[in-house]
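Each chain, written out:
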Amino acid sequence: MTYELKTKQNDRSVIEFIEGVDHPKKREDAYKLLDLFTETSGFEAKMWGPSIIGFGSYHYKYPTGHEGDAPLVGFSPRKAKISLYFATGDTEREQLLEKFGKHTSGKACVYINKIDDIDVNILKDLIRQSITFLQKMYPENS
């Protein structure tokens, strides 16, 4: 049985998705993030799965044989917090996060409450760092 990736790029409208965000402040932050990620990454925003706004993409293949496509960077304005998706495994990410502002991090995600809590310039650095790192790790896709 092959594993079917749930988070695939699709043609759903990013703007319609953001318009569907209930909380006005979170919706406003989502539009700010959309601009920041688009401008910094140089990629057009695309929906990945039902709730992730991704920028660029890369094809990964693990030693286990599992492979798939994922956005280079992305975000999702979720109910509790805003999830930011950056590459993992690069030490530079940890150094940047130390100066990022109020956040929590999981394995792949960095969670923020609102843009006002973070340093936007560090966010831009994180976006650029993540894209550079993934394009080096997976050069055949870039």
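**Student:** Is there a simple way to think about the packing of aromatic side chains in this case?
**Tutor:** For any pair of aromatic rings, the description rests on two quantities: the centre-to-centre distance and the angle between the ring planes. The final tally for this structure, using the stated rule, is 7 aromatic pairs. A ring pair is formed by F37 and F55, whose centres lie 5.3 Å apart and whose planes are at 25°; its orientation type is stacked. Here the residue F37 occupies a position in helix α2 (residues 24-41), and F55 occupies one in strand β3 (residues 52-55), the gap between them amounting to 18 residues. The buried category is assigned to F37, whose relative accessible area is 0%. Taking the relative accessible area as the measure of exposure, F55 reaches 0% and is therefore buried. Here a set of aromatic residues connected by ring pairs shows up, and it is made of F37, F55, F75 and F86.

**Student:** Got a minute to help me understand the confidence of the model for the protein chain in this structure?
**Tutor:** Low pLDDT marks stretches whose predicted atomic positions should not be read closely. For the protein chain, the mean per-residue pLDDT works out to 92, and 94% of the residues sit at or above 70. Of all helices and strands in the protein chain, the one with the weakest mean pLDDT is strand β4 (residues 58-61) (88), whereas α2 scores best (98).

**Student:** For this particular structure, what's the right way to read the environment of L126?
**Tutor:** Secondary-structure assignment places L126 in helix α4 (residues 120-137). With 116 residues separating them along the chain, L126 and N10 place their C-alpha atoms 25 Å apart. Aside from chain neighbours lying at most four places away, what touches L126 is F86, R93, L96, L97 and F100.

Analysis parameters
- Residues numbered from 1 in each chain as written.
- Predicted model: local features only at pLDDT ≥ 70, side-chain atom pairs only at ≥ 80, totals over all residues.
- Heavy atoms only, no water.
- Phe/Tyr/Trp six-rings, centres within 6.5 Å; stacked < 30°, edge-to-face > 60°.
- Helix = DSSP H or I, 4+ residues; strand = E, 2+ residues; numbered from the N terminus.
- Buried < 20%, exposed > 50% of the residue type's maximum accessible area, 1.4 Å probe, protein only.
- pLDDT = per-residue confidence, 0-100.
- Contact = heavy atoms within 4.5 Å.

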